[in-house]
Amino acid sequence: PVTESELHRFSQMSLEVAEELDRPVIFSQDFDEALAFAKDLDRFRKEMDIILVVSIVARSENGLKMTAVHREAEKLGLYYSKDNIYHRIRKNADNKADVLFTMANMFKPGALPKDDLDMHTGGLTLFMRLVAVPNPVDVYTDMMETAATLAKRLNGILVDQETAPINESMTVKQTKTIMKMVGDMEAREIKPGSDLANRLF
């Protein structure tokens with residue numbers, strides 16, 4: 001959040017420009033209100049900026065075969081990036097690709113290479129940043145459905161960040177939490193995935 005000295009310096013600059021142009025200047029808040037607002041917005045920003053994660057761990061000791069991972073990911077329409085990981089992408093109004101969620105190797109460095117046909121991994125991780133995507137509930141639903149389908153096809157188990165198996169009630173609870181967070185953002189006129197959200201977060 002802006003500091004008292006930064007805000008004071010900004011106010012002085014604004015007044016000097018207004019005087020030079022012979023124009024009035026009106027601040028939307030007084031000094032103390034602006035400082036309090038900045039601290040409150042910073043607290044809110046930290047509360048909202050979370051990463052939603054689901055992982056697929058292999059049932060077999062042999063792990064998940066990388067060739068099968070690539071085959072099933074591509075069947076589900078995931079995009080393979082130059083970083084050797086997968087994304088769910090969607091074209092925005094400017095015809096640019098927005099990343100909705102990502103899938104990577106559960107183990108560092110996270111890459112899912114295509115040059116080793118015999119490679120296996122113990123698991124995959126899918127994740128999304130709530131504030132960065134439009135319609136977070138829809139994106140979360142898509143991510144969970146994609147993870148569930150992959151788990152079924154690859155003989156894996158869905159787990160949370162603490163590696164506890166995920167059930168339907170946990171997913172429903174998380175969806176309600178996301179809906180509340182989206183509502184809290186929109187109450188402040190911050191739409192998830194918007195330019196304003198991207199500047200703030």
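As shown above, the structure is provided for reference.
First, a word on what this report is: a plain description of the structure on this page. (Residues numbered from 1 in each chain as written. Predicted model: local features only at pLDDT ≥ 70, side-chain atom pairs only at ≥ 80, totals over all residues. Heavy atoms only, no water.)

## Structural notes on the overall build of the protein chain
- Within the protein chain one finds 6 helices and 8 strands.
- Of the regular secondary structure in the protein chain, the N- to C-terminal order runs α-α-β-β-α-β-β-β-β-β-α-β-α-α.
- Expected size for 201 residues packed as a compact globule is a radius of gyration near 17 Å; at 22 Å, the protein chain overshoots this value by more than 25%.
- Evaluated residue by residue, the protein chain yields a buried proportion of 37% over its 201 residues.
- A separation of at least 24 residues holds for 64% of the contacts in the protein chain among residues at least 6 apart in sequence.
- When the accessible surface of the protein chain is summed, it comes to about 12700 Å², and 52% of that surface belongs to carbon and sulfur atoms.
- Here the protein chain carries 26 positive and 32 negative side-chain charges, and the mean point of each set is 8 Å from the other. (Helix = DSSP H or I, 4+ residues; strand = E, 2+ residues; numbered from the N terminus. Rg over C-alpha atoms; globule rule 2.2 N^0.38 Å. Buried < 20%, exposed > 50% of the residue type's maximum accessible area, 1.4 Å probe, protein only. Contact = heavy atoms within 4.5 Å. Areas by Shrake-Rupley, 256 points an atom, 1.4 Å probe, with all protein chains shown as cover. Lys, Arg positive; Asp, Glu negative; His and termini not counted. Charge placed at Lys NZ, Arg CZ, Asp CG, Glu CD.)

## Focus on the side chain of Ser-55
- Among the structural elements, Ser-55 can be located in strand β1 (residues 51-58).
- A residue is classified by how much of its surface remains accessible, and Ser-55, at 5% relative accessible area, is buried.
- A polar contact is formed between the side chain of Ser-55 and the side chain of Thr-125, at a distance of 2.9 Å.
- In this structure Ser-55 touches Met-106, Leu-124, Thr-125, Ile-157, Leu-158 and Val-159, once residues within four positions along its chain are discounted. (Polar contact = N/O pair within 3.5 Å; in protein donor to acceptor, adjacent residues only side chain to side chain.)

## Quick look at the environment of Ala-197
- Turning to its location among the elements, Ala-197 is positioned in helix α6 (residues 195-200).
- When its relative accessible area of 1% is taken as the criterion, Ala-197 is described as buried.
- For the pair formed by Ala-197 and Met-185, sequence separation is 12 residues and the distance between their alpha carbons is 9.0 Å.
- Each residue touching Ala-197, except ones within four places of it in the same chain, is listed here: Val-131, Met-185, Ile-190, Lys-191 and Pro-192.

## Digging into the nonpolar core
- In terms of nonpolar packing, the biggest core is built from 41 residues, with Met-103 and Met-185 touching the most fellow members.
- Looking at this core, the elements that each hand over two or more residues are α2 (31-48), β1, α3 (66-75), β5 (97-105), β7 (123-129), α4 (136-154) and α5 (168-187).
- With 8 residues, the top contributor of residues to this core is α4.
- If near-sequence neighbours (up to four positions away) are discounted, Met-103 is found in contact with Val-69, Ala-73, Leu-78, Ile-85, Tyr-86, Leu-112, Leu-124, Thr-125, Leu-126 and Leu-150. (Core = buried A, V, L, I, M, F, W, Y, C linked by side-chain atoms within 4.5 Å.)

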